[in-house]
Amino acid sequence: MTQSNVRLRQPIVVVLGHVDHGKTTLLDKIRGTTVVKKEPGEMTQEVGASFVPTSVIEKVAMPLKNLIPIKLEIPGLLFIDTPGHELFSNLRKRGGSVADIAILVVDITEGFQKQTIESIEILKEKRVPFLVAANKIDRIPGWKSIENETFSKSFKLQTTSVQKTLDNYVYKLVMQLAELGFNAERFDRVRDFTKYVAIVPVSGKTGEGLSELLALLAGLTQQYLKSRLRIVEGPAKGVILEVKEEQGLGHTIDVIIYDGILKKNDTIALGGLNGVIVTKIRNILLPAPLQDMRISKYGYKSIDEISAAAGIKISGPGLEEALAGSSIYVVENEEKLPEVKKIIEEELSKIRFSKDSVGIVVKADSLGSLESLINGFERMGIPVRVADIGPITKRDVIEAELSSKEVEEFGIIAAFRVKPLPGLEISKVKLIYNDIIYQLLEETKKYIDEIRERKKRRSLDSLILPGKIKILPGYVFRRSDPAIVGVEVLGGIIKPKFPLIREDGQRVGEILGIQDNKKNLDKATKGMEVSMSIKGNVMIGRQIQEGDVLYTDVPQDDLDMLYKVHKDSITEDMIEVIRELIKIKRVENPLYGISIQ
Ligand code: GDP
């Protein structure tokens, strides 16, 4: 490969995965290692992110020259400090993510869990490449840990049976990834990294495998994402991670700059609660190293300019209404302002909207989380009527109520990290609150499903269902008004109020009650022997004889509804009853049952 003169920026790395699988521990280990191995004076701490310089990666990955035979041209890796979906959702960029690559952390002994799978779905949606850190290898029974050793060396020193156990675990991950549509392999067996997801066994606790993880991150991003990482000298582009009020600084925004150069006094445009905010940067701030604390105010030091990629804090007027998750652009000159404004306005209107159609109301604290929720609900087939930022207001309640009048189960306000305004009356709609995105999605779905199920049950209860009984000879307790007989259910289901017909199609009254051992039953199914009272103009020995077989008289509409809506309630024996019933009813009505055949 020829050495290019293109300067590359540091790739932005995020860490995702299931709760407790070790995301925080792994990030801490990476940061700890960096602090120990960095050159004096090298800055590693940024706002919301940590920088791992190439000098550190080279030291850590020294024993792995053959794994990344290329010379590193990237200046290092920029790790986003807070792992998990919630902050990741704010790293949004048109058509994707600001993150260049992700580490998907999986507890090797537990394999993929709900949030692991959800992480993959989000990464797929945002088209962020990832590698898998198969974490907690030190927990494999019999594993002998060697602090901070490379995986390759540590693995060689384990017994054959321990090696086998690890490979079995890795194989399970390979299978799970295959189910999700990815080819994957242990990293040292991967030939083509563009086609295979690399699985790197690591321990966030002992540091084993960290060398390989860092080497691969650096090597792969540089090799495959080069065009994305090319340094652009133009005006900065970034995304707002968080909006914070800081003592002495007022409202500030924590920003990840992913492109261009940001300078003090630059004019910036960004998304705000009431539209686009245009303001001037007062300060670009970085955390001050401890020894500088005396001279820096409030733990930050001000710098004049910074180039991508970087995590910085910005202070300036008018930032109190800034929206986390919004893009932020430097406006080069007055002429460019309308264009930049339009881009931001379009972005805002895609995520914050109010439609006339039926659907739920979604409220969140940031653009990123709101967008994730909208996408999540879309995946689940749940329509959204109103999506907005900020506390729950009277208008939200009215909107949800309007939906519920048309479709009962959509009378929902799904709220992420926002609360109702004080004193707000919300009893008429369902408020579902959670501060974890996937849980909010799931709870909402569960509530909708429950109401749908209840509605279905309600309507199943109102249907006359197919049933077949035989009047047991010798069990006539009363001949008429009402007739009371012992019956065996031969198929399907019988319930009080179901009308009955004979095998010749003749109506013979209606079931009044069903009893077993003097206890009232609301239904009886195949194989049960029960006593049954029949009301109507029937007399045993006249219209009905002992030993007769009777059917429930199922109207055509009820039969259709049963097949259309309640198919899963149809049992094998019921199908048989329906077949016989169709034959009986067709004598009078040749079209009976046609629609379900
Ligand atoms: P997170 O929720 O994904 O951020 O998980 P944490 O980093 O908080 O880790 C969850 C638990 O697993 C903690 O008790 C950690 O000490 C433990 N843990 C994390 N990584 C490892 C590891 O590599 N080995 C072992 N033995 N424990 C670990």
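Heads up: the structure comes first, above all this text.
In this numbering scheme, every chain counts its residues from 1 along its sequence in written order. Only residues with pLDDT of at least 70 are given local features in this predicted model, and only at 80 or more are side-chain atom pairs given and counted; all residues enter the totals for whole chains, interfaces and linings. The basis for every side-chain value is the complete set of non-hydrogen atoms in the structure, without hydrogens or water.

(A) Here's a closer look at the overall build of the protein. Labels follow the DSSP assignment, with helices taken as runs of H or I lasting at least four residues and strands as runs of E lasting at least two, numbered in each case from the N terminus. Looking only at helices and strands, the protein features 14 helices and 32 strands. Note on method: radius of gyration uses C-alpha positions; expected globular size equals 2.2 Å times residues raised to 0.38. Scaling as 2.2 N^0.38, a compact globule of 597 residues should have a C-alpha radius of gyration of about 25 Å, whereas the protein reaches 34 Å, well beyond that. Its C-alpha atoms give the protein principal-axis dimensions of about 105 × 65 × 40 Å. The cut-offs for exposure are 20% and 50% of the maximum accessible area for each residue type, with area from a 1.4 Å probe on protein chains only; residues under the lower value are buried, those over the upper are exposed, and the others partly exposed. Relative to its 597 residues, the protein shows a buried fraction of 52%. When the accessible surface of the protein is totalled, it reaches about 28,400 Å², and 49% of it is carbon and sulfur. Working definition of accessibility: Shrake-Rupley area with a 1.4 Å probe, residue cover restricted to the visible protein chains.

(B) The pattern of salt bridges, seen in detail. Take a side-chain nitrogen of Lys or Arg and a carboxyl oxygen of Asp or Glu: if they are within 4 Å of each other, that pair is a salt bridge. Scanning the entire structure with this criterion turns up 38 salt bridges. Between Arg7 and Glu233 there is a salt bridge whose closest N-O contact spans 3.2 Å. Here Glu233 lies in the loop between helix H8 (226-229) and strand S10 (237-246) and Arg7 lies in the segment before strand S1 (12-17), a separation of 226 residues in the sequence. Per residue, the accessibility class of Arg7 equals that of Glu233, and both read exposed. The partner of Asp167 in a salt bridge is Arg186, with the nearest N and O atoms 3.0 Å apart. Of the two residues, Asp167 is situated in helix H6 (residues 160-179) and Arg186 in strand S8 (residues 184-186); the sequence distance between them amounts to 19 residues. With a relative accessible area of 5%, Arg186 lands in the buried category.

(C) Local environment of the nonpolar core. In this structure, Phe79, Leu91, Ile103, Phe130, Leu262 and Ile314 are the most contacted members of the largest nonpolar core, which totals 99 residues. Each of domain 1 (12-228) and domain 2 (237-346) contributes no fewer than three residues to this core. When checking whether two residues touch, look at their non-hydrogen atoms; a contact exists if any pair is within 4.5 Å. Once residues lying within four places of it in the same chain are set aside, the contact partners of Leu262 are Ala236, Ile257, Ile268, Ile281, Ile284, Asp304, Glu305, Ile306, Ile312, Ile314 and Val330. Throughout this description, the term nonpolar core refers to a set of buried Ala, Val, Leu, Ile, Met, Phe, Trp, Tyr and Cys residues connected via side-chain atoms within 4.5 Å. Residues Ile501, Met532, Ile540 and Ile544 belong to the second largest nonpolar core, which totals 41 residues. Note: domain ranges come from an automatic or database domain assignment.

(D) Quick look at the pairing of strand S21 (residues 360-364). Of all the five residues making up S21, five are buried; the element is thus mostly covered by neighbouring parts of the structure. Side chains Ile360, Val362 and Ala364 of S21 all project onto a buried face; the interleaved residues Val361 and Lys363 project onto the opposite face, where all are buried too. The rule for pairing is simple: two strands pair if DSSP sees at least two bridges between them. Here S21 pairs with strand S22 (residues 384-389) via five bridges, running parallel. Across the sheet, Val361 pairs through a bridge with Val386, a residue of S22. Crossover handedness is defined by viewing with both strands directed away from the observer: a clockwise path from the first strand over the helix to the second marks the crossover as right-handed. For the segment spanning S21, helix H10 (residues 367-380) and S22, crossover handedness is right-handed. As paired strands, S21 and strand S23 (residues 412-416) are joined by four bridges and run parallel to one another. Looking at S23, one finds that Ala364 is bridged to Phe416.

(E) Layout of the site of the ligand. Lining the immediate surroundings of the ligand are 15 residues, of which Asp20, Lys23, Thr24, Thr25 and Asp138 lie closest. We define a polar contact as two N or O atoms separated by no more than 3.5 Å, with the added condition that, inside protein, one atom must be a possible hydrogen donor and the other a possible acceptor, whereas residues neighbouring each other in sequence contribute only through side-chain atom pairs. Contacts to the ligand include Thr24, whose side-chain N or O atom sits 2.4 Å from an oxygen atom. Between the ligand and Asp138 there is a distance of 2.7 Å, counted from a nitrogen atom to a side-chain nitrogen or oxygen. In terms of residue count, the dominant contributor to the shell around the ligand is helix H1 (residues 23-37) (three residues). We call a residue near a molecule or strand when any one of its heavy atoms sits within 4 Å of it.

(F) View of the environment of Ile108. Within the fold, Ile108 resides in the loop between strand S6 (101-107) and helix H4 (114-126). Here Ile108 falls in the buried class, since its relative accessible area comes to 2%. Distance from Ile108 to Gln223, taken between C-alpha atoms, is 28 Å for residues 115 residues apart in sequence. Those residues in contact with Ile108 that lie beyond four places of it in its chain are Ala134, Asn135, Lys136, Ile137, Ile140, Leu166, Tyr169 and Val170.

(G) Fine view of the sheet that holds strand S19 (residues 327-330). What the eight strands build is an open sheet, ordered S14-S13-S19-S10-S11-S18-S15-S16; its pairing is antiparallel. The two strands at the open ends of the sheet, each matched to only one other strand, are strand S14 (275-280) and strand S16 (300-303). Between one strand axis and the next, the sheet turns through 40 degrees on average, direction left out of account. Where strand S15 (residues 283-287) lies against strand S18 (residues 310-315), three bridges are found, and the strand directions are antiparallel. By the bridge assignment for S18, Ile284 is matched with Ile314. Lines fitted to the C-alpha atoms define the axes, with helices restricted to the stretch that makes contact. Angles between their N-to-C directions range from 0 to 180 degrees.

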